[in-house]
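Here is what each chain is made of, one letter per residue.
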Amino acid sequence: MAHQKPGRVAYVNARLLDPASGLDAHGGILTDGEMIVDLGPQLAGPGVLGDVGVEVIDCGGKCLAPGLIDIRVQLREPGEEHKETFASAAQAAVAGGVTGMVCLPNTDPVIDDEATLEFVARRARQLGLTKVYPYAAATKGLAGQEVAELGLLSEAGAVAFTDGVSAIANAQVMRRVLSYAATFDLLVVEHPEEPALAAGGLMNAGELSTRLGLAGIPAEAEVILVERDLRLAAMTGARLHFAHVSTEAALKVIRQAKAAGLPVTCDTAPPYFALNEGEVSDYRTFAKLSPPLRRESDRQAVIAALADGTIDVIASDHAPQDQDGKRRPFRHAEFGGIGLETLLPVTLQLVRDGHLTLLQGLDLMTRRPAELLGLPGGRLERKGPADLVLFDPEAPWKVTPESLNSKSKNSPFDGRLVQGRVLMTVIDGRRVYQSAA
Amino acid sequence: MTTPSTHRHLLGIQGLTPPEIVDLLDCANTYVEQSRGPAKKGDLMVGRTVVNLFFENSTRTRTSFELAAKRLGADVINMETATSSLNKGETLIDTAVTLNAMHLDALVVRHPDSGAVQLLSEKVNCSVINGGDGSHEHPTQALLDALTIRRRKGHLDGLTVAICGDVAHSRVARSNIHLLTTMGAEVRVIAPKTLLPSGIEAMGVKAFTDMRAGLADVDIVMMLRLQTERMGGSYIPSIREFFRFFGLDREKLALARPDALIMHPGPMNRGVEIDSVVADDVERSVIREQVEMGVAVRMAVLDRLTRERGSPDARN
């Protein structure tokens, strides 16, 4: 059945939401095979179709939007399949309404040659769930020394280039990466953290780290690298994107750089607008993230930057770690938290709190990431891929290990009550996920 | 009449109230007298088992805890676990689960990582006493310092205490700051900026980088041990430069009150943070007295955590 080509399906009685066109209206979508063939208020009820051979799905008035595109996911396959696999990540993704995800190259082996890149693409296709797009390494072996084969990797399908969870420390290497990437108009994605300043650090530096006796990572580590890279971007003319920006200071200089016309973009992840460093108080290792959770004033600044457009994208920054990696004294615990299944509900809280409209919130997870990386989808349009998410924005649920599909359970939102539940996920016209409830 | 402590563990000074601190110090005072008399050993903990689990070598602290438990009549086991840098955490939780199966009454833990003692306390049924965790807390050190001060000065409130040296990495400094500020003393910290942690003023202390200014008119000078790995250019340029500006010698001590006491948690680096002449000054230095108070304070902590409680397993 899974391989059978889907026929014509009408999703009716839905609240249609398309950030790209600004559509927010009661209506429906008609798909044929892998494509959207029609959409709009005229498809609100089943009566208008009157066509035999069309399967009709009543959406019950719930929200129907383009499937989410998550541009920062660590897959752990190949190399660390005990933490996450393509299969478990894809299950988590579809349960979270994510129809496209972009994976980091920090696997084992590293994605820095065409063979590994093609392996990833092939494995993802075989699953037939969420579409997987790979980043490739910006430097060979993620070693931060030599520029990787950006041109060849781009031809083989790499959507952008990054050294993953570490910054390119050497300014000269970064200059060459940017300069060479600019040759082919490729995007470079940076983890903005000055490595020497952050070395040995475990949480945000400040009063709380002093009280807990934990080595701190100063907020300056982020803004210093951002400022350096902005200079290098201006020098080379390259397109540059900063991942998971977490501090007020860095957002301020990115805002200024954008105003000055630099081709720079950035994203953040839900923990940085929903949580602050106080989560670490009990040495809670699930709150040990990279970059670290920051002060409350930084969290507020991230929200302000989402509202004013300084931040272009919200990504989950999904980083699975198994029990062994987190059940340790704080110093020895791994960094990172999973996020595919909490991306939508935690972002919807910004909408409920009045910081963003529903269309703005969805825009940051659909059209904007698709446009940033040149990916299909992210909008509702005729002849576009039928990648859809149906969700109830108010439905409450509790984040527990049992509620999550990811193989690792290290959610920084563990134990929290959230609102917003995915009811159905459609990829290329196929219903790949339906909630049990 | 004192009410039994509601705490099951002693993980830090943070969270203790002034009456709880006073109760511990009063209790410790009675144990000072017991330890000085001919009948050193009591029977409060007869039949109870205490394990000293040390992931860091410390003969002094371990001996002090051992003596305290034995003077209360407990059976004591010492475990010094050399930890490999790999997989420390798994070792910790495995060890906790193993020990928990042995029906302990109290577990004294020292560990090189901040928060490790709390993590362990979440996995066992017995009382856990923090014998020092990373740069976080060393509560019995702060209690023994407070007892020493109170016996000499008669009170803690209103005193001015200067804590000098490697504040950034010191659990002794943190526990003392919590205790002394809670009890109404004025606390100053004195160190070069590389050894002053960010946001330290938020803990209710005044920070000084000029030792002479910081020592002016203080009642207590508390020196901290400088770890050797911080001496060679990483945090301070050299030992001689540190001693010149931040070592306690007669000249700098002259700025403190004439009756100011000199304290050090030991072991001392003579000629690094403290001059031998000052350390051995019988008029001013109470460093040896601190060691004596350590045993009494640890007896008081064991007393308050285990008195009037059944065995941990009976509680379940």
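As named in an unreviewed UniProt entry, chain B is Aspartate carbamoyltransferase, taken from Roseospirillum parvum. If you open the UniProt record of chain B and go to Pathway (unreviewed entry), you find "Pyrimidine metabolism; UMP biosynthesis via de novo pathway; (S)-dihydroorotate from bicarbonate: step 2/3." What UniProt records for chain B under Sequence similarities (unreviewed entry) is the sentence "Belongs to the aspartate/ornithine carbamoyltransferase superfamily. ATCase family."

Chain A goes by Dihydroorotase in an unreviewed UniProt entry, where it is assigned to Roseospirillum parvum. One UniProt comment on chain A, placed under Catalytic activity (unreviewed entry), says "(S)-dihydroorotate + H2O = N-carbamoyl-L-aspartate + H(+)".

A. Spotlight on the overall build of chain A. Within chain A one finds 14 helices and 19 strands. Taken along its principal axes, the extent of the C-alpha atoms in chain A is 65 × 45 × 45 Å. Excluding contacts between residues fewer than 6 apart, the proportion of contacts in chain A whose partners are at least 24 apart in sequence is 74%. For chain A, the accessible area works out to roughly 15900 Å², and carbon and sulfur atoms hold 50% of it. For chain A, the distance from the average position of its 43 positive side-chain charges to the average position of its 55 negative side-chain charges is 1 Å.

B. Representation of helix α7 (residues 220-236) of chain A within the structure. Residues and elements named next belong to chain A. With 17 residues, α7 should reach 24 Å at 1.5 Å per residue; the first-to-last C-alpha distance of 24 Å fits that figure. Three or more residues of α7 are buried, namely A221, E222, V223, L225, V226, R228, D229, L230, L232, A233 and T236. Once α7 finishes, G237 follows within two positions and takes phi at roughly 75 degrees, a positive value.

C. Structural view of the pairing of strand β17 (residues 388-398) of chain A. Residues and elements named next belong to chain A. Buried residues dominate β17, accounting for eight of its eleven residues. With four bridges connecting them, strand β5 (residues 63-66) and β17 associate as antiparallel partners. The residue of β17 that forms the bridge with P66 is L388. As paired elements, β17 and strand β18 (residues 417-427) share eight bridges and run antiparallel to each other. Following the sheet pairing, L390 is matched in β18 by M424.

D. Region of interest: the nonpolar core. Counting 98 residues, the largest nonpolar core has M101, F242, L306, L362 and F391 of chain A as the members making the most contacts within it. The biggest single contributor to this core is helix α1 (residues 86-95) of chain A, with seven residues. The residues touching F391 of chain A, leaving out its near neighbours within four places in the chain, are L17, K62, C63, A65, L344, L348, L362, R421, V422 and L423 of chain A. In this structure, L24, A74, L147 and V189 of chain B belong to the second largest nonpolar core, which totals 87 residues.

E. Representation of the domain arrangement of chain B in the model. Residues and elements named next belong to chain B. Its domain assignment divides chain B into domain 1 (9-137 + 292-306) and domain 2 (139-288). Distance from the C-alpha centre of domain 1 to the C-alpha centre of domain 2: 25 Å. Taken together, the 37 residues of domain 1 in the interface contact 26 residues of domain 2. Across the interface of domain 1 and domain 2, roughly 2400 Å² is buried in total on both sides, 64% from carbon and sulfur atoms. Across the contact surface, domain 1 and domain 2 share three salt bridges. With its nearest N and O atoms 2.9 Å apart, the salt bridge here joins E56 to R171. Elements supplying a minimum of two residues to the side of domain 1 that touches domain 2: α1 (18-36), α2 (59-71), β3 (106-111), β4 (127-133) and α11 (287-306). Here the element with the most residues in the side of domain 1 that touches domain 2 is α1; it accounts for eleven residues. When the residues that make up the side of domain 1 that touches domain 2 are grouped by side-chain class, the tally is 17 nonpolar, ten polar and ten charged.

Procedures and definitions
- For every chain, the first residue of its written sequence is number 1, and the numbers climb from 1 along that sequence.
- Working convention: letters from A go to chains and numbers from 1 go to ligands, in the order in which they are written.
- In keeping with the model being predicted, local features are shown solely for residues with a pLDDT of at least 70 and side-chain atom pairs are shown and tallied solely at 80 or more, while totals for entire chains, interfaces and linings include all residues.
- Water and hydrogen atoms were dropped before computing side-chain values, which therefore reflect all heavy atoms in the structure.
- UniProt positions are given in the numbering used here, feature names are shortened, and annotations may be inferred rather than shown by experiment.
- Think of it this way: any DSSP run of H or I at least four residues long counts as a helix, any run of E at least two long counts as a strand, and we number them from the N terminus.
- Every residue pair with non-hydrogen atoms within 4.5 Å of one another is taken to be in contact.
- In short, Shrake-Rupley with a 1.4 Å probe defines the accessible areas, and a residue's cover is counted only from the protein chains shown.
- His is not counted, nor are the chain ends, whereas Lys and Arg count as positive and Asp and Glu as negative.
- Taken as the charge centre is NZ of Lys, CZ of Arg, CG of Asp or CD of Glu, depending on the residue.
- One less than the number of residues in a helix, times 1.5 Å, gives the span that helix is expected to have.
- Type-normalised accessible area, obtained with a 1.4 Å probe on protein chains alone, sets the label of each residue: buried when under 20%, exposed when over 50%, and partly exposed for intermediate values.
- We call two strands paired when DSSP finds no fewer than two bridges between them.
- Nonpolar core, defined: a set of buried Ala, Val, Leu, Ile, Met, Phe, Trp, Tyr and Cys residues in which side-chain atoms within 4.5 Å join the residues together.
- Note: domain ranges come from an automatic or database domain assignment.
- A quick way to say it: buried area is the sum, across both parts, of accessible area lost when two parts are put together, with a 1.4 Å probe.
- The term salt bridge refers to a pairing of a side-chain nitrogen on Lys or Arg with a carboxyl oxygen on Asp or Glu at a separation within 4 Å.
- By the convention adopted, Pro, Cys, Tyr, Trp, Phe, Met, Ile, Leu, Val and Ala count as nonpolar, Lys, Arg, Asp and Glu as charged, and the other residues, Gly among them, as polar.

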